[in-house]
Amino acid sequence: MNIALIISPETLIFCCVVAALLLLVVLKSMLGHRRTSRGLKALPCLPSVPLLGSLLHLRSALPPHLLFSKLAGRYGPLFSLYMGPHYTLVVSEVTLAKEMLLHKGKDFAGRPKMVTTDVLTRGGKDIAFADYNTLWRSHRRLVQSSFALFGEGSSKLQTIVLDAADNLCSDLQACRGQDVDMAPILMRAVTNVVCRLVFGSTYDPHDPELQQVIDYNDGIVQTIARGNLVDIFPWLQIFPNKDLARLRECVYIRDKLLTTKLEEHKLTLTPGEPRDLLDALLSGSGDESGVTEDHILMTAAEAFGAGVETTSTTLLWTVAFLLHYPEVQERLHAELDECVGRERHPSLSDRTSLPFLESVLCEVMRIRPASPILIPHVAMQDTSLGGHDVPKGARVLVNIWGIHHDPKYWEKPDQFIPDRFLDGLGKKITPNSYLPFGAGPRVCVGESLARIELFLFLSNLLQKFHFSVPFGASLPDLRGRSGVVLQPRRYTVTVKPRR
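Anyway, here's the lowdown on the structure attached to this text. (Residues numbered from 1 in each chain as written. Predicted model: local features only at pLDDT ≥ 70, side-chain atom pairs only at ≥ 80, totals over all residues. Heavy atoms only, no water.)

## Here we look at helix α15 (residues 447-464)
An α-helix turns once every 3.6 residues. As a result, residues three or four positions apart point the same way. To keep it simple, the criterion reads: We count a stretch as a helix when DSSP gives it H or I for four or more residues in a row; a strand needs E for two or more, and each element gets its number in order from the N terminus. Helices are assigned an expected span. That span is 1.5 Å times one less than the residue count. Relative accessibility thresholds used throughout: buried, under 20% of the residue-type maximum; exposed, over 50%; partly exposed, between the two (1.4 Å probe, protein chains only).
Taking 1.5 Å of rise per residue, 18 residues should cover 26 Å, and α15 covers 26 Å from first to last C-alpha, within 8% of that figure. The element α15 is extensively covered by neighbouring structure, given that 14 of its 18 residues are classed as buried.

## Things to note about the sheet that holds strand β8 (residues 465-468)
Cut-off, in case you're wondering: DSSP bridges decide pairing: two strands pair if at least two such bridges lie between them. Two residues form a contact once any of their heavy atoms are found within 4.5 Å. Inter-axis angles, ranging from 0 to 180 degrees, are taken between N-to-C directions of lines fitted to C-alpha atoms, where helices are fitted over the stretch in contact.
Reading across from one edge, β3-β9-β8 is the order of the 3 strands in this open sheet, with antiparallel pairing throughout. The sheet is open, and its two edges are formed by β3 (179-180) and β8, each paired on a single side. Direction of pairing for β8 relative to strand β9 (residues 493-497): antiparallel, over a ladder of 4 bridges. Its bridge partner being in β9, F467 is matched across the sheet by V495. The sheet strands contacting α15 are β8 and β9, and the helix crosses β8 at an angle near 90°.

## Regarding the side chain of R420
Heads up, the rule is: Under the rule applied, a polar contact is a pair of N or O atoms within 3.5 Å (in protein, one hydrogen donor and one hydrogen acceptor; residues adjacent in sequence only if both atoms are side-chain atoms).
Note on placement: R420 falls in the loop between α14 (400-404) and α15. Within the structure, the side chain of R420 is placed 3.1 Å from the backbone oxygen of Q415, a separation counted as a polar contact. When sequence neighbours within four positions are dropped, the list of residues in contact with R420 reads E363, R366, W410, E411, K412, P413, Q415, I429 and P431.

## Re the pairing of strand β1 (residues 78-83)
On a regular strand, each side chain points to the face opposite its neighbour's, so the side chains alternate between the two faces of the sheet. In terms of burial, β1 is a largely internal element, 6 of the 6 residues being buried. Judged by which residues are buried, β1 turns out to be covered on both faces: L78, S80 and Y82 on one side and F79, L81 and M83 on the other are all buried. Hairpin connection between β1 and strand β2 (residues 86-91): a loop of 2 residues separates the two successive antiparallel strands, and G84 in this loop has a positive phi of roughly 65°.

## Quick look at the environment of L46
Inspection of the secondary structure puts L46 in the loop between α1 (9-35) and α2 (64-75). L46 sits in the buried class, given a relative accessible area of 3%. Between the C-alpha atom of L46 and that of T117, which follows or precedes it by 71 residues, the distance is 26 Å. Contacts of L46, omitting those with residues within four sequence positions, involve S54, H57, L58, L71, Y75, F79, S80 and L81.

## Digging into the packing of aromatic side chains
Convention followed: Classification of ring pairs uses Phe, Tyr and Trp, with its six-membered ring standing for Trp, and accepts pairs whose centres are within 6.5 Å; under 30 degrees between planes counts as stacked, over 60 as edge-to-face, and the remaining range as tilted. A ring is considered to have a charge above it if a Lys NZ or an Arg CZ atom is located within 6 Å of its centre and within 35 degrees of its normal.
Per the counting criterion, the structure on display carries 11 aromatic pairs. Ring centres 5.3 Å apart and planes at 50° place the aromatic pair Y82 and Y87 in the tilted group. Overall, the relative accessible area of 2% leaves Y82 in the buried class. The exposure class assigned to Y87 is buried, which follows from its relative accessible area of 11%. An angle of 50° between the planes, with centres 5.4 Å apart, marks the rings of Y132 and W136 as tilted. Y132 gets classed as buried once you look at its relative accessible area, which sits at 12%. You can call W136 buried: its relative accessible area is 4%. Each residue in the set W317, F321, Y325 and F416 is aromatic and connected to the rest through ring pairs, giving one cluster. Geometry around W317 places R368 over its ring, the cationic atom sitting 5.5 Å from the centre.

## Thoughts on a nonpolar patch on the surface
To keep it simple, the criterion reads: Candidates for patches are residues over 30% relative accessible area with no salt bridge; among them, like charges are joined within 9 Å and nonpolar side chains (Val, Leu, Ile, Met, Phe, Trp, Tyr) within 5 Å. Here the Shrake-Rupley method, with its probe set to 1.4 Å, supplies the accessible areas, and only the displayed protein chains count as covering residues. Should a side-chain nitrogen of Lys or Arg be within 4 Å of a carboxyl oxygen of Asp or Glu, the pair is scored as a salt bridge.
Taken together, the side chains of V49, L52 and L56 define a hydrophobic patch exposed on the protein surface, amounting to about 200 Å² of accessible area. Turning to its location among the elements, V49 is positioned in the loop between α1 and α2.

## Let's talk about the nonpolar core
Inclusion rule: Remark: nonpolar core denotes a set of buried residues (Ala, Val, Leu, Ile, Met, Phe, Trp, Tyr, Cys) joined through side-chain atoms within 4.5 Å.
By size, the foremost hydrophobic cluster in this structure holds 109 residues, and its most contacted members are M182, V198, F304, L357, F457, F467 and V493. The leading source of residues in this core is helix α11 (residues 293-324), at 16 residues. For V493, the residues in contact, after removing those within four places along its chain, are Q178, D179, V180, M182, V319, L323, F467, S468 and P470. Counting 23 residues, the second largest nonpolar core, distinct from the first, contains L89, V91, L101 and L374.

## Describing the packing of helix α12 (residues 326-339) against α15
Test applied: To sort the angles, those under 35 degrees are grouped as roughly parallel, those over 145 as roughly antiparallel, those from 65 to 115 as roughly perpendicular, and the leftovers as oblique. Any residue that is not Ala, Val, Leu, Ile, Met, Phe, Trp, Tyr, Cys, Pro, Asp, Glu, Lys or Arg is counted as polar, Gly included; the first ten are nonpolar and the last four charged.
Packing of α12 against α15 brings their axes to within 9 Å, and their N-to-C directions diverge by 90°. With respect to α15, the element α12 is oriented roughly perpendicular. Of the residues in α15, those touching α12 at Q329, L332, H333 and L336 are S459, L462 and Q463. Of the residues belonging to the contact of α12 with α15, the class tally is 3 nonpolar, 4 polar and no charged.

This is the structure we're talking about:
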């Protein structure tokens, strides 16, 4: 439906008054930040103008993580800017990041309130985007204890992932050496893991409900990826917005499906015998914890939004790098043959025996972090960072890409070198400047689950298959495309069973 906007003189005068008031508020805010100094060093800041802040100086063909890395070379590893009226710091160095995330984790544990994330999370009833408070801490403890039922101390998750890996290998076996785009196949496999983990449903590849989950999840990711000015200027909601309408449509479909699953679980729940994540969350929620059914639904939704895209993308990057570095694939095959063989599935108990495979995964997450910029943090009180004042309410962006490509800490940071995660004896090590999942109070709650999935999927794929570039095709583009996560551009691969 087309909407015609007719602006009357009264409306025009009103808009001018509102704009003038906004200008005064912004100027007051910007001047206010400069008055908060307690005698510490002045923080370098991008030029800014009233209302728009530094947005004009952020126009670039570069994706944000590369632009911020470039700006860090000019302004230093800690600089500031204005996202519209929002005073924002950008951190691109590991010592500063650890000061903020670990040593002053609670000072910087807040989250900004944004229009799109409010739509996505029913006003912040999830874990990733919710603000830091007592209820959030109770909710996170419940989620962590629920995840523990399916984590490293349990065989449940391993069984779920190995079943999905079996189905994935069967799908690839059916390709019979043909060229294949692995993106939809991997996405389906990882989505099935999350479906089974969250609400106990296992789907055939062409099940319409599984396709519905994939479609709404993709719709959410694509609309969020385009960014939205309403997150900087919420008053823009008064105007038609196709992306926001699309996001609300996908969220409606998502919540309808998850609500149906939740109601089914409430009718069949057996206390003390959780079958899946929904059961575990239902058992631990209630008046005492403050965790409501909305929180449970948003936790389930977040498992799809965060868990599917990041894991499948990391696996796609891994295959892309193996095509570029066939000698690495040969070493992985040799390690698997020696330590596991071909007669049984690789399992979690093999992790210490497969240090090179673990180092390859670590190097992929270093050189192409799924989240090159962490979700924005907010200062909960007046504090400091790197010897600079940080006022309460300031937003902070941690540039993981910049940290993972810092030549001070990484030799030849732009090169793919898995051995940087091995010591002289071939045992796996973790360098201090490696932060793929963040750190501190807001560290990714699904880190353990993600690492388990990545290890089991990759080890089972490489045990059975050899990946090569199709005849006449180009190697995958390793620059990637920026969005909610940093994804490789679509590519095809020849998958051949190992004999």
